[in-house]
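A closer look at the structure
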Amino acid sequence: MSRFRKFAMLLALAAGPVALAAEPAPPSSPPAQVMVVGLFHFSNPGRDMFNLRVDDVLADGRQAEIERIADGLARFRPTTVMVEWKPEVTDERYALYRAGSLDPSRNEVVQLGFRLAARMGLERVDGIDVDGDFPFGPVKAFADARGSGARLDEALARVGREVQEMSRRIAAGSLGSVLRYMNTPGRALETHGFYIDLLRFGEGAEQPGAALASAWYARNLGICARLLQALPAGGRAVVFYGDGHAHLLRQCVIEAPGVDLVEANDWLVD
């Protein structure tokens, strides 16, 4: 056998059966599009380590601002809306909302998620939240025992300063301007840096910082799994979630085959 024929056979084997198939590949679906909109808690439930000061979003002026936000997002023509609630709660309350019988709510899921979905005539909203652990106690215990409490205090102080800045922006500006500030990609990465900074708290087999970060990643992977499972081929989804989740959800969307990330700030208005 000539060297040329041997080389041709090796090329064919390396290419695999796809290269030998006579039939053309079926046409692929257009990529789905996902917009992750990072939010703060409109109803300020006080469940986070640091909590914003938020005025009443049911006031007329704030309602007008929320309407403008919904107007901007509606231009994206979403076919799916996803929110930070469990599926059963979302189904029940969205049905009440569409029927006009849901009690007034300041929650951002209702104010933005339900409002946008109803405006687009969607029959349902996908609740994609999952439970997760946040084992902060072992991190603090390690820091206190190893003399690194000041480092942990400074990491927390950075979060506290950002919360104060957010509270100032909410008091001084429109909700749309606040959301545009929150949804810059650089800020999403900076906010996520808190969890990476916690990796410093550990030594040898004792790794409480890595355990906390792992739990946070696991929750967000669970959320993104539900996102991708609910996402129709070629669909356009708006995902409303707390902005602390934004970086990992954006990363998951970017890395998912057949899905394109859409920047929220291309559609959010002041």
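Anything mentioned here points back to the structure above.
Report on the accompanying structure. Computed from a predicted structure; not experimentally measured.

Rules and cut-offs
Residues numbered from 1 in each chain as written. Predicted model: local features only at pLDDT ≥ 70, side-chain atom pairs only at ≥ 80, totals over all residues. Heavy atoms only, no water. Helix = DSSP H or I, 4+ residues; strand = E, 2+ residues; numbered from the N terminus. Expected span 1.5 Å × (residues − 1). Axes fitted to C-alpha atoms, helices over the stretch in contact; angles between N-to-C directions. Parallel < 35°, antiparallel > 145°, perpendicular 65-115°, else oblique. Left-handed = near helix turned anticlockwise from the far one by under 90°. Contact = heavy atoms within 4.5 Å. Nonpolar A, V, L, I, M, F, W, Y, C, P; charged D, E, K, R; others polar. Pairing = 2+ DSSP bridges.

**Re helix H4 (residues 87-99)**
Taking 1.5 Å per residue as the helical rise, H4 with its 13 residues ought to reach 18 Å, and the 18 Å between its terminal C-alpha atoms agrees with that figure. Where H4 ends, the next residue or the one after it, Gly-100, has phi of about 75 degrees, a positive value.

**Observations concerning the packing of helix H3 (residues 60-74) against helix H5 (residues 108-119)**
Contact geometry for H3 and H5: axes closest at 10 Å, N-to-C directions at 50 degrees. Relative to H5, the element H3 lies oblique. Here H3 runs over H5; the crossing is right-handed. Contacts from Gln-63, Ile-66, Glu-67, Ile-69, Ala-70, Asp-71, Leu-73 and Ala-74 in H3 reach Gln-111, Leu-112, Arg-115, Leu-116 and Arg-119 in H5. Its residues placed into classes, the contact of H3 with H5 shows seven nonpolar, two polar and four charged.

**Re the sheet that holds strand S2 (residues 80-83)**
Ordered in space as S3-S2-S4-S1-S5, the five strands form an open sheet in which the pairing is parallel. Each edge of the sheet is formed by a strand with only one pairing partner; in this case those strands are strand S3 (126-127) and strand S5 (259-262). Here strand S1 (residues 32-39) runs beside strand S4 (residues 236-242); their pairing, made up of seven bridges, is parallel. Directly across from Gln-33, in S4, lies its bridge partner Arg-236. Across the sheet, helix H11 (residues 246-255) lies against S1, S4 and S5, angled at about 140 degrees from S5, the strand it touches most.

**Digging into the side chain of Asn-265**
The topology assignment puts Asn-265 in the segment after S5. With sequence-adjacent residues up to four places away left out, Asn-265 is seen in contact with Leu-179, Arg-180, Asn-183 and Thr-184.

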